[in-house]
Structure formats: structure tokens, C-alpha cells
Amino acid sequence: MTLPPYPAAAFPDERTAIVTGAASERGIGRAIARRLAHEGWAVAVVDLDADASRQVAEDIARSTGAVVAGYAADIADAEAASRMVRAVRDELPQLVGLVNNAGVSSPVPFLEVSREEWNRVVDINLNGTFHVTQAAARIMAEHRVGRIVNISSASAERGGGVYGRAAYSASKAALLGLARTLARELGPYGITANSVSPGSIDTDIMGGRLTDERKLELLRELPVGRIGTVDDVAVVVAFLLREEAGYITGVTYDVNGGSHIA
Ligand code: NAD
């Protein structure tokens, strides 16, 4: 029997994090990419559209002075996902961080959901995360150091969110199981894997801005008395990607203002 390849390597001075779904103008991914750049990471901004990714990367690079590059990939496409990861490996500093943030929601009730809609959501949220993570984790394992964070959702834990229904909730719950398994399997390679489950954050994923009426409804369920922001999520993700967070793995961090207290 061979012993696992402990211990973990130290963080290199120059290191890269991939953030998927990071080009959305008011999105969580963009806030995560910006915060990581502020904290000294080189960042790969990944999204569907090449121009949008490039533009966001330039914007963050300009405001932070960090190395930030944009990449286009539909993560549901396994080949496109691994091509993107290879490009990041070849063009940016050592890959240490991965934030699986890209995702789509689906408000269709279970009794009405078609197989096409179900597969669309699972292909992006779950299979897409698998594609990017396997390609990235193989590189991290070679270097014996890595940080993986899956962006799940309060919807996964409370049985549907305020917007997303069964396909969304099931795909996001699968990400929790995936992160826990990765924590066990990849721990010996110096890689941690955790999940962050946001509650309602005011982005465009629920079909546009929250109306004032909707905000009031949400506030009734929120002990902290305000709606969550993208930075509320980004700060926790950035913490989990730090070298000092290496003893935290297989954990789910709820960032929901107390809307769901387990
Ligand atoms: P958003 O719609 O603003 O951003 C999602 C991004 O993912 C978009 O830029 C989109 O282009 C990208 N994307 C979608 N499909 C893709 C694909 N196949 N390949 C590559 N990129 C793809 O939404 P957001 O609110 O910023 O959501 C970010 C993450 O946070 C999602 O995973 C979402 O499920 C999760 N989340 C959001 C909330 C919320 O209330 N906003 C709550 C819980 C969890």
C-alpha cells in the first residue's frame, strides 16, 4: 500500500484562480474575481462570451493592477471546458484556485418541468462544474496545492429557493455532495474543496432586478434586515481560497442573512 502524497505544497507567490460565470455585469462571479485580484491573485475570468469576458478582465486589471485575463467557454461542453483550463495553465501563473460560480436558475415547477429544461440546468450547473473541476484538479494535484469552491444555493438546503425550483435545487444540492467528496479524495493532494450557499442576492439571475415589493417580502425572512450583496458572497469565497484556510475542507458556508438557519 502506498501512502498518500502528503504534505501540501506552499502557495506559490504568483498564482491563478479561475472564476466561471464572472462576466455578468451585476453578478457574484465578477465581485469574486475583483476581490481575488485585490488579494493578489491572477484571475481567469470565464464566461460564455469572449468579448464580455475580456472586457471584464480589462476592467478589473485596470482597477487592481493584477494580472486578469478573459476566456470564453461554455462549461456544459466538456471539450470547451478543458480547452479553457489548458489555456489558463499555459498563459497564467500556477493554477491554485477554482471558483465554480457559473450557473443558471429555473423557476419551472416540478410537475411541469420538461426533460429539456431539466437537462439544460443539470448540464450547466452540475456537469459543467464537473468538467472544469476535473481538468483543474488534475493540474492542482500535480502541484500538490489547490483551493476549490462551489457556489451552491440556499435553495439546495431549504428545498427550492425564492425563485429556483426542482432542477435548480437538485443541481445545486449535487454541488454540495461533490465538494464533500472532493474534500476527501483530493485532500491528500493538498487541495481543499468547500461550498458557499448564498441566499437571495440582488443580481440578474432571477430574471432582472428585484422589485421594491419583492424586496419587502424577502426582508420579512431576513433577521439581518437587508438583502444580500455580491460582496457578501465574494468575501467568504476569497477567505476560503487563502493559504491560511487550508484546514477548512468539505464545509458549506451559508451566506443568507439568516433566511435559512440549519
Ligand atoms: P448571473 O446570471 O448574474 O451570473 C451567472 C453567470 O454565469 C453569467 O455571466 C452567465 O453568462 C454565466 N453562465 C451561464 N451559463 C454558463 C455556461 N454554460 N458556461 C459559462 N458561463 C455560464 O447570476 P448570479 O446571481 O451572479 O449567480 C452566480 C452564481 O450564484 C450561480 O451559480 C447562482 O446559481 C448562484 N446563486 C445566486 C443567488 C442569487 O440570489 N443571485 C443565490 C444563490 C446562488
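Residues numbered from 1 in each chain as written. Predicted model: local features only at pLDDT ≥ 70, side-chain atom pairs only at ≥ 80, totals over all residues. Heavy atoms only, no water.

Focus on the pattern of salt bridges
Side chains bearing opposite charge may pair, as long as their charged atoms lie close to each other. Throughout the structure, instances matching the rule amount to 13 salt bridges. Notably, a salt bridge pairs Asp51 with Arg54, separated by 3.3 Å at the nearest N-O pair. Here Arg54 and Asp51 lie together in helix H2 (residues 50-64), a separation of three residues that amounts to about one turn. Measuring nitrogen to oxygen at the nearest pair gives 3.4 Å for the salt bridge that ties Glu79 to Arg86. Taking the relative accessible area as the measure of exposure, Glu79 reaches 41% and is therefore partly exposed. For Arg86, a relative accessible area of 36% puts it in the partly exposed group. The network of salt bridges with shared partners includes Arg26, Asp202, Asp204 and Lys215. (Salt bridge = Lys/Arg side-chain N within 4 Å of Asp/Glu carboxyl O. Helix = DSSP H or I, 4+ residues; strand = E, 2+ residues; numbered from the N terminus. Buried < 20%, exposed > 50% of the residue type's maximum accessible area, 1.4 Å probe, protein only.)

Some words on the side chain of Ser195
As for its placement among the helices and strands, Ser195 is situated in strand E6 (residues 191-198). With relative accessibility at 1%, the residue Ser195 sits in the buried group. Excluding its chain neighbours within four sequence positions, the residues that come into contact with Ser195 are Asn150, Leu175, Leu176, Ala179, Val251, Thr252 and Tyr253. (Contact = heavy atoms within 4.5 Å.)

Let's talk about unusual backbone geometry
Of note in this structure, Arg144 is not a glycine but carries a positive phi near 65°. Relative to the assigned elements, Arg144 resides in the loop between helix H4 (115-143) and strand E5 (146-151).

Considering the packing of aromatic side chains
Enumeration over the complete set of coordinates arrives at one aromatic pair. Pairing Phe11 with Trp41 gives two aromatic rings, centres 5.9 Å apart and planes at 75°, and the pair type is edge-to-face. Of this pair, Phe11 sits in the segment before strand E1 (15-20) while Trp41 is found in the loop between helix H1 (28-38) and strand E2 (42-47), placing the two residues 30 residues apart along the sequence. The aromatic ring of Trp41 is capped on one face by Arg15, whose charged end is 4.6 Å from the ring centroid. (Phe/Tyr/Trp six-rings, centres within 6.5 Å; stacked < 30°, edge-to-face > 60°. Lys NZ or Arg CZ within 6 Å of the ring centre and 35° of its normal.)

Section: the site of the ligand
If you check the shell around the ligand, you find 26 residues, and the closest are Ser24, Asp47, Asn101, Tyr168 and Thr203. Between the ligand and the protein, one listed contact pairs an oxygen atom with a side-chain N or O atom of Ser24 at 2.5 Å. Asn101 places a main-chain nitrogen or oxygen 2.7 Å from an oxygen atom of the ligand. Considering the ligand on its own, with 820 Å² of exposed area, one finds that the protein chains cover 92% of that surface. For the shell around the ligand, the per-class residue count stands at 13 nonpolar, 10 polar and three charged. (Near = heavy atom within 4 Å. Polar contact = N/O pair within 3.5 Å; in protein donor to acceptor, adjacent residues only side chain to side chain. Areas by Shrake-Rupley, 256 points an atom, 1.4 Å probe, with all protein chains shown as cover. Nonpolar A, V, L, I, M, F, W, Y, C, P; charged D, E, K, R; others polar.)

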